[in-house]
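Working through the structure, step by step
Letter by letter, the chains look like this.
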Amino acid sequence: MEGHRNVLIFGETEGNRLSPMTLELLGIGSRLAGALSGEISLVWLGGPMADSLGEGYGFGADRVFAICDPLLGSYAPDAYLQAMERMVAESKPAVVLFGQTDRGIDLAPRLAFRLETAVALDCIDLSMAPEGNSATYTKPVFGGKAHAVFSTNTLPLIASVRQGSFAPAEYDPAKLGEIISLDPSLEAALTRTRFLGRIEDEGLPLSAILTDATVVVSGGRGLKTKEGIDLLKETAGLIGGAVGGSRPAIDNGWLPGHLQIGLTGKRINPKLYVAVGISGSLQHMAGCMKSKTIVAINSDESAPIFKMAHVGVVGDYREVLEGFNDEMRQRAGIPGQGRLIDGG
Amino acid sequence: MLNVVVCMEIVIDPEMPFSEFRIDRENKKPIPPPGVPPLFSPFDENALEWALKIKDNRECRVAVLSVGKTLPKAVLQKAIAAGADEAVAVEDPLFVHLGPRGTAHVLARAIQKMGRCDLVFTGRQGADWDGGVVWAGIAELLNVPCVTLARSIDVREESIVVERCASDCIEKVESQIPALVTFTSEAGELRGITLPSLIKAKKREIRRWSALDVGYEEREVVQLKDLFIPEIEVVDNYLIQGENPRDKGRNLARLFLDRQML
């Protein structure tokens, strides 16, 4: 696919608007299209058409495509893959960008192997040679302990991009355009998996709260027991925060998996992040680094989190949080509730 | 009889503290820390655990498959001690720069060579390069459907139903068999290994194949240009003082309220 100079972006919507991740892809996409002297195509796949796709033009796309088909109503990888193959043929890209989202990390590798081309997930930097014959990208490896830079001459590069790595595109209300509908001619027979439904389990409402929360109180291995979570919840309740955890808190069964914060869990950016009994592994920090203020409570004063936190408290977390909660209640005029934790 | 192949990568211990992590920048590779033995990538252990859970409940044969330049016997034996029926190691000095594409080709060829296979399991991503793409290559090369990020599987007559961990909910997805499934940590940790089972496993042979045995050809399309440890931005840290931890907790609350940080 030599000589292709365009950028293709897999667009996603949230609440009928282009998602913040998609706006970031349009931001980096415009830089890459500039380097390549190419065009940006934004494609959206789904059942019924999303209303707001036209805003893709305002955010810098040269062409906005919608591929609508009942087979694309819920995420079915085989059907999505057929549609994206069709879209690649249509838009002749040098690079195809996905967000590091549920669909992005599932679809990007499949598309790359289907097209027998190069693939990179979780990119934090990305550039194209102006000649349009090679791409260079950087991604965290070894759980974030190191960064690796790769290059490839096999294009198009299929890449997913970590959220927060690039500035979102700016909106220009003067840029308007028609949405181009494409018929993907999907073959139902090629769809080998079937979406049966969602399990509305324990994590769903909590998980949405965690992503949107401005204050998050989070626990890790240092909690030592499941009862520690109750104390965390009490603290979170007093300061209007949501509760989350690092991977050991999930692996130990103290919290449901949806509440994991980190490289393979949620990536959040609250105003205030209180990390309790969390040592600060880079896998975990990848999920909360963008918080405005990070507070660490840990009994081990050599824990790496103290290097990354803005405010540190060295001490047994139970005692620290009990003192904290007492003071909060006192200031708020709430009578003391006694101890939820007996210290054992 | 259900045949399951679990693809397992052997890596440097990912739980190793950051302070001990070193790289050889010239050769663009990590330096294994002395005295810390290599082990299976944790998500691959989650995959093996689920294969063994299936074997607990029905007639099922579980084979473990690893690819690499050198594959320590002791690590492979751990899979047998945990309950796998067989371990196959595709090992060759040629694999020194094996990337995701080459790995997927070697694994797919080896799976074909192993004979009948109903389910292929892997972890969601390797704990070394965090690539997260090899699974897609295996599925595409074997031309089987694939479900990612599983926490559990229900094996039925001619299909599987997978509970899949999406970021905001659990999805139920049905797939035809044969299929490939990737697992995440919510699938559960690999079961404990008893000493007698380990002693027994040590007597078992590991089947070893070379690059030639699986018809390997160099296929990488991506070159590693640099590997470096990024500088951590050390934050100006304000340490809360106090007579004792409880007192520090009170002072933290006062800071939050007085600086209107909430």
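Residues numbered from 1 in each chain as written. Chains lettered and ligands numbered in written order. Predicted model: local features only at pLDDT ≥ 70, side-chain atom pairs only at ≥ 80, totals over all residues.

Attention now moves to the overall build of chain B. Each helix and strand counted, chain B has 6 helices and 15 strands in total. When each of the 262 residues of chain B is scored for burial, the buried share is 44%. Taking as baseline every contact in chain B between residues at least 6 positions apart, the subset at least 24 positions apart corresponds to 72%. (Helix = DSSP H or I, 4+ residues; strand = E, 2+ residues; numbered from the N terminus. Buried ≥ 20, exposed ≤ 12 C-beta atoms within 10 Å, placed from the backbone. Contact = placed C-beta atoms within 7 Å.)

Looking now at the nonpolar core. The biggest cluster of nonpolar side chains holds 139 residues, and the ones touching the most others in it are Leu97 of chain A together with Val6 of chain B. Among the elements that make up this core, the one with the highest residue count is helix α1 (residues 20–36) of chain A (8 residues). Excluding anything up to four places from it in sequence, valine 6 of chain B contacts Ala47, Leu48, Ala51, Val62, Val64, Leu65 and Phe121 of chain B. Ranked by size, the runner-up nonpolar core spans 51 residues in total, among them Ala249, Ile261, Met285 and Val320 of chain A. (Core = buried A, V, L, I, M, F, W, Y, C linked by C-beta atoms within 7 Å.)

This part covers the interface of chain A and chain B. Quoted interface sizes are often the accessible area lost when the parts come together. Contact with chain A, which involves 71 residues of that partner, is made by 67 residues of chain B. Partitioned by chemical class, the residues of the side of chain A that touches chain B number 33 nonpolar, 17 polar and 21 charged. In terms of strand pairing, strand β18 (residues 311–314) of chain A meets strand β15 (residues 238–239) of chain B through 2 bridges, oriented parallel. Looking across to β15 of chain B, one finds that glycine 312 of chain A is bridged to leucine 239 of chain B. (Nonpolar A, V, L, I, M, F, W, Y, C, P; charged D, E, K, R; others polar. Pairing = 2+ DSSP bridges.)

Taken in spatial order, the 4 strands of this open sheet run β8(A)-β9(A)-β10(A)-β14(B), and their pairing is antiparallel. Bordering the open sheet on either side are β8 (125–128) of chain A together with β14 (222–228) of chain B, each of which pairs with just one other strand. Adjacent strand axes in the sheet meet at a mean angle of 20° when their direction is disregarded. Both strand β9 (residues 135–141) of chain A and strand β10 (residues 146–152) of chain A contribute to a ladder of 7 bridges, which runs antiparallel. Across the sheet, the residue bridging to alanine 135 of chain A is threonine 152 of chain A, located in β10 of chain A. (Axes fitted to C-alpha atoms, helices over the stretch in contact; angles between N-to-C directions.)

Let us now look at helix α4 (residues 134–142) of chain B. Most of α4 of chain B sits inside the fold, with 7 of its 9 residues counted as buried. Among the residues of α4 of chain B, Val134, Trp135, Ala136, Gly137, Ile138, Ala139 and Glu140 of chain B are the ones counted as buried. Where α4 of chain B is buried, its residues meet α4 (102–115) of chain A together with α3 (100–114), β8 (119–123), β9 (146–155) and β12 (179–183) of chain B. Following α4 of chain B by one or two positions, asparagine 143 of chain B has its phi on the positive side, about 55°.

What follows is about the domain arrangement of chain A. Residue and element names in this part refer to chain A. The domain architecture assigned to chain A consists of domain 1 (6–190) and domain 2 (203–332). For domain 1 versus domain 2, the distance between C-alpha centres works out to 34 Å. Counting from both sides, the interface comprises 6 residues of domain 1 and, opposite them, 6 residues of domain 2. For the side of domain 1 that touches domain 2, the residue count by class is 1 nonpolar, 4 polar and 1 charged. (Domains from an automatic or database assignment.)

What follows covers the packing of helix α2 (residues 73–82) of chain B against helix α5 (residues 195–202) of chain B. Think of two packed helices as two axes; the pair is described by the angle between the axes and how far apart they sit. Residues and elements named next belong to chain B. One can describe the packing of α2 onto α5 by two numbers: an axis separation of 8 Å at closest approach and a directional angle of 125°. One way to sum up the angle between α2 and α5 is to call them oblique. Viewed along their axes, α2 and α5 form a crossing whose handedness is right-handed. Counting all contacts with α2, which are made through Gln77, Ile80 and Ala81, the residues of α5 involved are Ser197, Leu198, Ala201 and Lys202. Split into classes, the residues belonging to the contact of α2 with α5 amount to 4 nonpolar, 2 polar and 1 charged. (Parallel < 35°, antiparallel > 145°, perpendicular 65-115°, else oblique. Left-handed = near helix turned anticlockwise from the far one by under 90°.)

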